[in-house]
Amino acid sequence: MTPIPPGSTIGILGGGQLGRMLGAAAAQLGYRTLVLAPDEEAVAAQTASSFIRADYQNRIVLDDFAAACDVVTYEFENIELAPIDYLAEKVLVHPAPAALAIAQDRVNEKTFVGALGGRTAPWARVETFAELEAGLATVGTPAILKTLRLGYDGKGQARIADAGGAAAAWSAIGERPSILEGVVDFTHEFSIIVARGSDGAMVSYPPPWNEHRDGILARSTLPAPTPVAAQWTEAATIAGRIADTLDYVGVLACEFFVGRDGPVFNEMAPRVHNSGHWTIEGAVTSQFENHIRAICGLPLGDTGLTARQVVMDNLIGAEAEGWAAALAAPDTHLHLYGKTQRPGRKMGHVTRLVR
């Protein structure tokens, strides 16, 4: 791939905080960004060079968007594949639509990773209530019923403690095509974040220990404790195998559980990831900068830690009102996303460095 030089325009599909931070990283390297999103409140527009508010299905808009961009990326995976495929016929798109197609469908994702030697929770595809009952007989309980597509931060899921809870769970997810997953016996959750260039070069970040609250990431800590560190190599091998098999370009995040027999793959995100926000100050090169480097064909940056310990806390809902205390604390870095506050919404994050 011939490098796309600074001064070129990077198109970003999606108007959220990930696009906002990608825009800041792109500007640091001298790139312009054009954000396309349908949202009235598109916080990515606050750091972008330009913004188009329009539906992703509008072919006239997509034509103009493609013509204005040298490369296109996306900041979330809950977007229909059709506009991505359409854009890929007209402009370079990274990551490629094939990665998005796998990540959007949980059955495809589990099947794909299993074929590569990854360890997953026991699972069953569910399209009817009868299939849910049959799946419970095979997978067992406790289990989690998840919609096949869409859903994040605990949304689109229902926990089933025993077979008697099947009907309520089926109703809770809207009786939609789903995947039934057995609950994994684990001690910690962690993620592997890799960046891969079009030439196959790849770098990987140290894995953070991720703690969740109400299905939403609350804290990422590095270095991770010993149980995570013991499974780092195997998990990183799986993540690298996924990226190589897809001929992936950009940042890829893979979430894992620390299981008794080794890392258990949970899910992948074909984009920059919340559990990598610590990299802005906590790594030599942030995940956002490495994503820009990768999709533009530039050399990938160093992923080493910049401090002895790094802790990233998400600010959920009213927690963002503590911004003044964060600014007063030493070696503490505040990021607010410029979003309208509401309960359960990611409003920002704070990263603390221990030198």
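Notes on the structure in this doc start here. (Residues numbered from 1 in each chain as written. Predicted model: local features only at pLDDT ≥ 70, side-chain atom pairs only at ≥ 80, totals over all residues. Heavy atoms only, no water.)

1. Considerations on the state of the cysteines
By definition, a disulfide links two cysteine residues through a covalent bond between their sulfur atoms. Summed over the entire model, instances satisfying the criterion amount to zero disulfides. Cysteine Cys 69 is unpaired, with the sulfur of Cys 296 as its nearest cysteine sulfur at 11 Å. (Disulfide = S-S within 2.5 Å.)

2. Describing the environment of Leu 116
Inspection of the secondary structure puts Leu 116 in the loop between helix H5 (106–115) and strand E5 (123–126). Along the backbone, Leu 116 and His 335 are 219 residues apart, and their C-alpha atoms lie at a distance of 37 Å. In this view, Leu 116 contacts Ile 238, Arg 241, Ile 242 and Thr 245; residues no more than four positions away in its chain are not counted. (Helix = DSSP H or I, 4+ residues; strand = E, 2+ residues; numbered from the N terminus. Contact = heavy atoms within 4.5 Å.)

3. Examining a nonpolar patch on the surface
The grouping of Trp 323, Leu 327 and Leu 336 at the surface amounts to a nonpolar patch, some 300 Å² of accessible area in total. With respect to the secondary-structure elements, Leu 327 resides in helix H11 (residues 323–328). (Patch = residues over 30% accessible without salt bridge, like charges linked within 9 Å, V, L, I, M, F, W, Y side chains within 5 Å. Areas by Shrake-Rupley, 256 points an atom, 1.4 Å probe, with all protein chains shown as cover. Salt bridge = Lys/Arg side-chain N within 4 Å of Asp/Glu carboxyl O.)

4. Overview of the sheet that holds strand E8 (residues 178–182)
One open sheet accounts for four strands, arranged E5-E8-E6-E7; its pairing is antiparallel. One side of each edge strand has no neighbouring strand; the edge strands of this open sheet are E5 and strand E7 (157–160). Within this sheet the neighbouring strands show an average axis-to-axis angle of 20 degrees, counted without direction. Judged from the four bridges that link them, strand E6 (residues 143–147) and E7 form a sheet pairing that is antiparallel. Residue pairing in the sheet places Lys 146 in a bridge with Gln 157 of E7. (Pairing = 2+ DSSP bridges. Axes fitted to C-alpha atoms, helices over the stretch in contact; angles between N-to-C directions.)

5. Some words on the sheet that holds strand E1 (residues 9–13)
Remark on secondary structure: sheet strands pair via backbone hydrogen bonds, oriented parallel or antiparallel. With parallel pairing, the four strands of this open sheet are ordered in space as E3-E2-E1-E4. The sheet is open, and its two borders are formed by strand E3 (50–53) and strand E4 (71–74), each paired with just one other strand. With direction set aside, neighbouring strand axes in the sheet form an average angle of 20 degrees. Against the sheet, helix H1 (residues 17–28) contacts E1 and strand E2 (32–37), and its axis sits at roughly 170 degrees relative to E1.

6. Observations concerning helix H6 (residues 129–139)
Those residues of H6 that fall on the buried side of the exposure criterion are Leu 132, Gly 135, Leu 136 and Val 139. In an axial view of H6, the angular spread of the buried residues amounts to 105 degrees, which keeps them on one side of the axis. Exposed side chains of H6 directed beyond 90 degrees from the buried face belong to Ala 130, Ala 137 and Thr 138. At its buried positions, H6 is contacted by E5, E6, E7, helix H7 (166–172) and E8. (Buried < 20%, exposed > 50% of the residue type's maximum accessible area, 1.4 Å probe, protein only. Arc of directions from axis to C-beta.)

7. Brief notes about the environment of Val 126
Inspection of the secondary structure puts Val 126 in strand E5. Taking the relative accessible area as the measure of exposure, Val 126 reaches 0% and is therefore buried. Sequence separation between Val 126 and Val 107 is 19 residues, and the spatial gap between their C-alpha atoms is 9.8 Å. In this structure, Val 126 is in contact with Glu 131, Leu 132, Leu 145, Trp 170, Arg 176, Pro 177, Ser 178 and Leu 180, ignoring residues within four places of it in sequence.

8. With respect to unusual backbone geometry
With an omega dihedral of 0 degrees, the bond running from Thr 141 to Pro 142 counts as a cis peptide bond. Along the polypeptide, Pro 142 turns up in the loop between H6 and E6. A cis amide bond links Leu 222 to the next residue, Pro 223, at an omega of -10 degrees. With respect to the helices and strands, Pro 223 occurs in the loop between strand E12 (216–222) and helix H8 (226–245). Phi at Glu 175 takes a positive value of approximately 55 degrees, unusual for a residue other than glycine.

9. Digging into the nonpolar core
Judged by nonpolar contacts, the single largest core of 54 residues is most densely connected at Ile 10, Leu 13, Leu 87 and Ile 292. For this core, the element with the highest residue contribution is H1, accounting for five residues. If sequence neighbours within four positions are ignored, Leu 13 has contacts with Leu 36, Tyr 56, Phe 65, Val 72, Thr 73, Tyr 74, Glu 75, Phe 76, Ile 79, Ile 84 and Leu 87. By size, the runner-up hydrophobic cluster in this structure holds 25 residues, among which are Ala 99, Ala 103, Ile 242 and Leu 246. (Core = buried A, V, L, I, M, F, W, Y, C linked by side-chain atoms within 4.5 Å.)

10. Here we look at the packing of aromatic side chains
Ring pairs (aromatic) are described by centroid distance and by the angle formed between their planes. Under the definition given, this model contains five aromatic pairs. Judged by centre distance (4.7 Å) and plane angle (35 degrees), the rings of Phe 186 and Phe 257 are tilted. Of this pair, Phe 186 sits in strand E9 (residues 186–196) while Phe 257 sits in strand E13 (residues 250–259), and the two are 71 residues apart along the sequence. Owing to a relative accessible area of 34%, Phe 186 belongs among the partly exposed residues under this scheme. An angle of 80 degrees between the planes, with centres 5.9 Å apart, marks the rings of Phe 256 and Phe 265 as edge-to-face. (Phe/Tyr/Trp six-rings, centres within 6.5 Å; stacked < 30°, edge-to-face > 60°.)

11. Structural notes on the pairing of E2
Counting buried positions along E2 gives five out of six residues, so the element sits mostly inside the fold. Examined bridge by bridge, E1 and E2 share five bridges and lie parallel to one another. Its bridge partner lying in E2, Ile 10 is registered against Thr 33. Read as a crossover between parallel neighbours, the route from E1 over H1 to E2 is right-handed. As paired elements, E2 and E3 share four bridges and run parallel to each other. Considered in E3, the bridge of Ala 37 is made with Arg 53. (Right-handed = clockwise from strand over helix to strand, strands pointing away.)

12. Quick word on the pattern of salt bridges
The final tally for this structure, using the stated rule, is 15 salt bridges. Taking the shortest distance from any N to any O, the salt bridge between Glu 181 and Lys 110 comes out at 2.9 Å. With Glu 181 in strand E8 and Lys 110 in helix H5, this pair connects stretches of sequence that are 71 residues apart. Residue class for Glu 181 comes out buried when judged on its relative accessible area of 6%. In this structure Lys 110 comes out as buried when scored by relative accessible area, which is 3%. A salt bridge links Arg 219 to Asp 313, with the shortest nitrogen-to-oxygen separation between them at 2.6 Å.

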